[in-house]
Amino acid sequence: MNVITYKCSKALWLVGIIIPFAIAFICVVDMNDHNWPGVLPVVAILCAVAIYYCRQCFTYDLQDKAALQIDHEKLIYHIENKVVYWNDVTDISCGKMRGQGMSIFFTVKGEGIRNSCICVSTDLIAGNDKEIYNDIIERYISVKIKTAPPFSDQKTLAG
């Protein structure tokens, strides 16, 4: 099977870099002797957010790295350094909030009787949310069908 690769979304540039720098610039232009103590922390926070997203963009988008990789063994979400192995996944679900990308939830076998949930958001991934979700589901199903032993749901004579 081939590896499915998705790049970083260009929305990261607009939302994470251009808008905070523009608001910070407006705040700096509007700063005077009376309001600088209240405006300065806002400018600092906006600049920190923009610098964080600049680092994300330079790491993934400008260096032409993948944001999401799906292969026959695992899913790698490079933006948050998450790896999901198909053999550990027990359930996949999704949810969508207005104005945001799709959140894809993986229920993963944990230690003992506990399971954990890993979330992958499509906000920062270039591509159609439904296509990304369908690619993930198709790969998961194809791996599960290959690894399922035949007649695994039937009882044996000894049992």
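In case you missed it, the structure is sitting above this.
Within the protein chain one finds 3 helices and 7 strands. Going from the N terminus to the C terminus, the protein chain shows its helices and strands as β-α-α-β-β-β-β-β-β-α. Going through the 159 residues of the protein chain one by one, you find that 33% of them count as buried. Nonlocal contacts in the protein chain, meaning residues at least 24 apart in sequence, comprise 52% of its contacts between residues at least 6 apart. As displayed, the protein chain has an accessible area near 10500 Å², and 60% of this comes from carbon and sulfur atoms.

Now for the sheet that holds strand β4 (residues 82–85). Read across the open sheet, the 4 strands follow the order β1-β2-β3-β4; overall the sheet is antiparallel. Here the strands that pair on one side only, and so sit at the sheet edges, are β1 (4–7) and β4. Taking the axes of each pair of neighbouring strands and ignoring which way they run, one obtains an average angle of 10° across the sheet. With 4 bridges connecting them, strand β3 (residues 74–77) and β4 associate as antiparallel partners. From the neighbouring strand, Lys74 faces β4, where its bridge partner is Tyr85.

Following the sequence through the fold, Thr122 ends up in the loop between β7 (115–121) and α3 (129–147). Under the relative-accessibility criterion, Thr122 is labelled buried at 2%. With sequence-adjacent residues up to four places away left out, Thr122 is seen in contact with Gly101, Met102, Ile104, Asp129 and Ile132.

Before going further, it helps to examine the side chain of Lys74. Structurally, the position occupied by Lys74 is in strand β3. In this structure, Lys74 is in contact with Gln69, Val83, Val84, Tyr85 and Trp86, ignoring residues within four places of it in sequence.

Before going further, it helps to spend a moment on the packing of aromatic side chains. Counted under the stated rule, the structure contains 2 aromatic pairs. When the centroid spacing of 6.0 Å and the interplanar angle of 55° are considered together, the rings of Trp86 and Tyr140 count as tilted. Linking Trp86 in the loop between β4 and β5 (89–96) with Tyr140 in helix α3, this pair joins segments that are 54 residues apart in sequence. Trp86 sits in the buried class, given a relative accessible area of 0%. Among the aromatic side chains, those forming a connected cluster through ring pairs are Trp86, Phe106 and Tyr140.

Criteria and thresholds
- Residues numbered from 1 in each chain as written.
- Predicted model: local features only at pLDDT ≥ 70, side-chain atom pairs only at ≥ 80, totals over all residues.
- Heavy atoms only, no water.
- Helix = DSSP H or I, 4+ residues; strand = E, 2+ residues; numbered from the N terminus.
- Buried < 20%, exposed > 50% of the residue type's maximum accessible area, 1.4 Å probe, protein only.
- Contact = heavy atoms within 4.5 Å.
- Areas by Shrake-Rupley, 256 points an atom, 1.4 Å probe, with all protein chains shown as cover.
- Pairing = 2+ DSSP bridges.
- Axes fitted to C-alpha atoms, helices over the stretch in contact; angles between N-to-C directions.
- Phe/Tyr/Trp six-rings, centres within 6.5 Å; stacked < 30°, edge-to-face > 60°.

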